[in-house]
Amino acid sequence: MSWGTELWDQFDNLEKHTQWGIDILEKYIKFVKERTEIELSYAKQLRNLSKKYQPKKNSKEEEEYKYTACKAFLSTLNEMNDYAGQHEVISENMTSQITVDLMRYVQELKQERKSNFHDGRKAQQHIETCWKQLESSKRRFERDCKEADRAQQYFEKMDADINVTKADVEKARQQAQIRQQMAEDSKADYSLILQRFNQEQWEYYHTHIPNIFQKIQEMEERRIVRIGESMKTYAEVDRQVIPIIGKCLDGIVKAAESIDQKNDSQLVVEAYKSGFEPPGDIEFEDYTQPMKRTVSDNSLSSSKEGKAELKFGGKSRGKLWPFIKKNKGVTPEDFSNFPPEQRRKKLQQKVDDLNKEIQKETDQRDAITKMKDVYLKNPQMGDPASLDHKLTEVTQNIEKLRLEAQKFEAWLAEVEGRLPARSEQARRQSGLYDGQTHQTVTNCAQDRESPDGSYTEEHSQESEHKVLATDFDDEFDDEEPLPAIGTCKALYTFEGQNEGTISVVEGETLSVIEEDKGDGWTRIRRNEDEEGYVPTSYVEVYLDKNAKGS
């Protein structure tokens with residue numbers, strides 16, 4: 001099957017068909033190009049989506065990603081980012097392997113098509129020229145034959161006429177001979193041109209046109225093969241990223257399978273555990289007996305002057321948890337406004353951060369020392385004295401950080417129960433260090449609020465002197481013992497580890513020397529020489545009638 005033999009007379013249709021083929025190829029190129037743009041846009045949107053839901057640096061949201069479910073979500077975001085990268089790869093490969101290649105091929109194809117049809121038109125023009133020559137010689141031969149025939153008839157007429165002179169007859173005879181000779185010449189010329197035309201025509205239809213059409217056919221078939229190969233490449237580009245996309249999806253599945261609900265539940269416990277014991281049952285208050293009042297933050301009854309009650313699951317006059325002093329808006333340096341368990345974690349984190357800072361400064365000091373040694377051995381490299389100021393500064397920073405770390409380690413030891421209470425040396429050291437930065441009130445009793453819920457100026461000034469001067473218990477030795485205003489019974493065991501507090505055992509009876517002022521603490525005494533504060537909810541208070549009246 002050859003276009004040269006089968007379609008020898010379809011030059012114009014072949015020209016239209018090959019142009020249609022180029023149009024189809026350009027349409028496919030446009031399709032692939034738009035696909036690459038879609039892939040890029042999709043990848044960009046996926047990346048933006050992943051970035052949008054990434055946790056922000058140094059934010060509360062970042063802390064939430066300690067939970068396994070949040071970690072799995074973060075892994076999903078990272079995998080989607082890689083997933084987007086594969087779509088970018090698809091776009092890049094389709095552009096380089098298909099779009100660019102086909103666009104270059106289309107230009108070559110157009111040039112080849114133009115050359116082939118130019119040769120075809122040239123052959124057509126040549127055969128048309130030969131045909132015109134043949135027609136011209138044919139008409140000339142026909143005209144000469146007619147002229148020779150008329151000249152012969154005229155000669156015969158003149159020869160038969162007796163009235164015509166011999167000279168006229170001779171002239172007519174010569175004219176007839178000339179016309180006859182011209183007709184013979186035209187015949188010979190026509191015959192030669194006809195033979196030549198037939199030869200040209202045979203070569204045109206059996207050699208030139210078949211060769212040209214064969215080239216056009218091969219060109220068209222190459223175009224068809226090329227577009228087929230491009231379609232295979234189109235699919236292969238997608239197929240190449242399938243394993244990596246599969247790994248991304250496997251990563252998402254693996255992250256989902258790593259979710260541990262028990263671990264997340266334990267993290268919630270670690271994040272919010274206060275370390276307190278839950279309150280016990282509330283006893284029935286019998287008003288038929290002599291007046292007996294139970295002072296408890298868990299009581300459903302209201303205290304005098306409308307003092308707010310502590311209701312678990314609700315708000316309690318700004319308290320963050322039971323039995324702890326109110327936070328006035330500024331977190332104490334020792335985190336004493338946190339529950340025991342949370343306080344321990346805060347202190348441990350602070351100690352770890354300080355140790356890292358100490359290590360960082362130590363490394364810097366070692367580096368400066370080594371550099372100074374190098375300068376000493378090789379003075380041309382630098383002046384050793386130029387490093388003394390920096391070395392002194394780093395050494396002072398290390399000493400300051402170590403004092404800070406020791407202070408927080410002492411507080412941490414106190415919280416963890418390794419020390420019964422802070423030592424005099426630790427308190428004095430803490431007070432001296434705070435003098436360089438800001439005063440920290442560590443005395444529990446002095447931190448107590450006044451009945452209206454505010455701190456008085458006298459308390460603040462007094463506490464600043466007493467922190468550096470003496471222990472909390474020494475204050476009571478200098479003062480006249482307060483009279484007892486009632487008794488109380490310990491409902492639960494309380495270990496008073498902070499300064500100003502006192503430990504009690506469940507069931508123990510003690511004297512009340514100062515009732516709850518609204519801050520959740522009651523001042524009690526044991527054996528006339530040991531007194532301190534306990535949570536009001538831990539005791540059942542029995543006030544004397546005379547004391548209440550007064």
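As the structure is a prediction and not an experimental result, all values here were calculated from the model. (Residues numbered from 1 in each chain as written. Predicted model: local features only at pLDDT ≥ 70, side-chain atom pairs only at ≥ 80, totals over all residues. Heavy atoms only, no water.)

Caption draft 1: Here's a closer look at the pattern of salt bridges. Within this structure, the stated rule accounts for 24 salt bridges. A salt bridge links D101 to R104; the nearest nitrogen and oxygen atoms lie 2.9 Å apart. Of the two residues, D101 and R104 both sit in helix α4 (residues 68–160), three residues apart, roughly one turn of that helix. For D101, a relative accessible area of 22% puts it in the partly exposed group. Residue E530 pairs with R526 through a salt bridge whose shortest N-O separation is 3.2 Å. If you follow the salt bridges from partner to partner, you end up with E514, R523, R525 and E531 in one network. (Salt bridge = Lys/Arg side-chain N within 4 Å of Asp/Glu carboxyl O. Helix = DSSP H or I, 4+ residues; strand = E, 2+ residues; numbered from the N terminus. Buried < 20%, exposed > 50% of the residue type's maximum accessible area, 1.4 Å probe, protein only.)

Caption draft 2: Examining the pairing of strand β2 (residues 509–514) more closely. In this structure, strand β1 (residues 486–490) lies alongside β2, joined through four bridges in antiparallel fashion. Bridged to K489 within β2 is T509. Bridge count for β2 against strand β3 (residues 521–526) is three bridges, and the pairing is antiparallel. Paired with E514 across the bridge in β3 is R523. Here β2 folds back onto β3, and the loop between the two strands holds six residues, one of which, G518, carries a positive phi near 110°. (Pairing = 2+ DSSP bridges.)

Caption draft 3: View of the nonpolar core. If you look at the biggest cluster of nonpolar residues, it comprises 39 residues, and the most contacted ones within it are L25, Y28, M94, I98, F213 and I216. The set of elements that each furnish at least two residues to this core consists of α2 (11–52), α4 and α5 (166–257). Those residues in contact with F213 that sit more than four places away from it in its chain are W3, G4, L7, W8, Q10, F11 and L14. (Core = buried A, V, L, I, M, F, W, Y, C linked by side-chain atoms within 4.5 Å. Contact = heavy atoms within 4.5 Å.)

Caption draft 4: Structural detail: the confidence of the model for the chain. Looking at the chain, the pLDDT average stands at 79 and 79% of residues meet or exceed 70. Ranking the elements of the chain by mean pLDDT puts helix α10 (residues 444–447) last, at 37, and α2 first, at 94. Low pLDDT, under 50, characterises residues 291–328; the stretch is placed with 81 contacts to residues that sit more than four places away or in other chains. Every residue in residues 418–478 is under pLDDT 50, and counting partners more than four places away or in other chains gives 86 contacts. (pLDDT = per-residue confidence, 0-100.)

Caption draft 5: Region of interest: the pairing of strand β5 (residues 539–543). Burial analysis of β5 places four of its five residues in the buried class, the great majority of the element. Across five bridges, β1 lies against β5 in antiparallel orientation. Bridging from a neighbouring strand, C488 pairs with V541 of β5.

Caption draft 6: Region of interest: the packing of aromatic side chains. One pass over the structure, following the stated rule, counts 13 aromatic pairs. Ring centres of Y53 and F73 lie 6.4 Å apart, and the angle between their planes is 75°; this geometry places the pair in the edge-to-face category. Here Y53, found in the loop between α2 and α3 (60–63), pairs with F73, found in helix α4; they are 20 residues apart in sequence, far enough to count as distant. For Y53, a relative accessible area of 40% translates into the label partly exposed. Ring geometry for Y204 versus Y205: centroids 4.7 Å apart, planes at 85°, classification edge-to-face. Through a chain of ring-to-ring contacts, the aromatic side chains of Y492, F494, W521 and Y538 assemble into a single cluster. (Phe/Tyr/Trp six-rings, centres within 6.5 Å; stacked < 30°, edge-to-face > 60°.)

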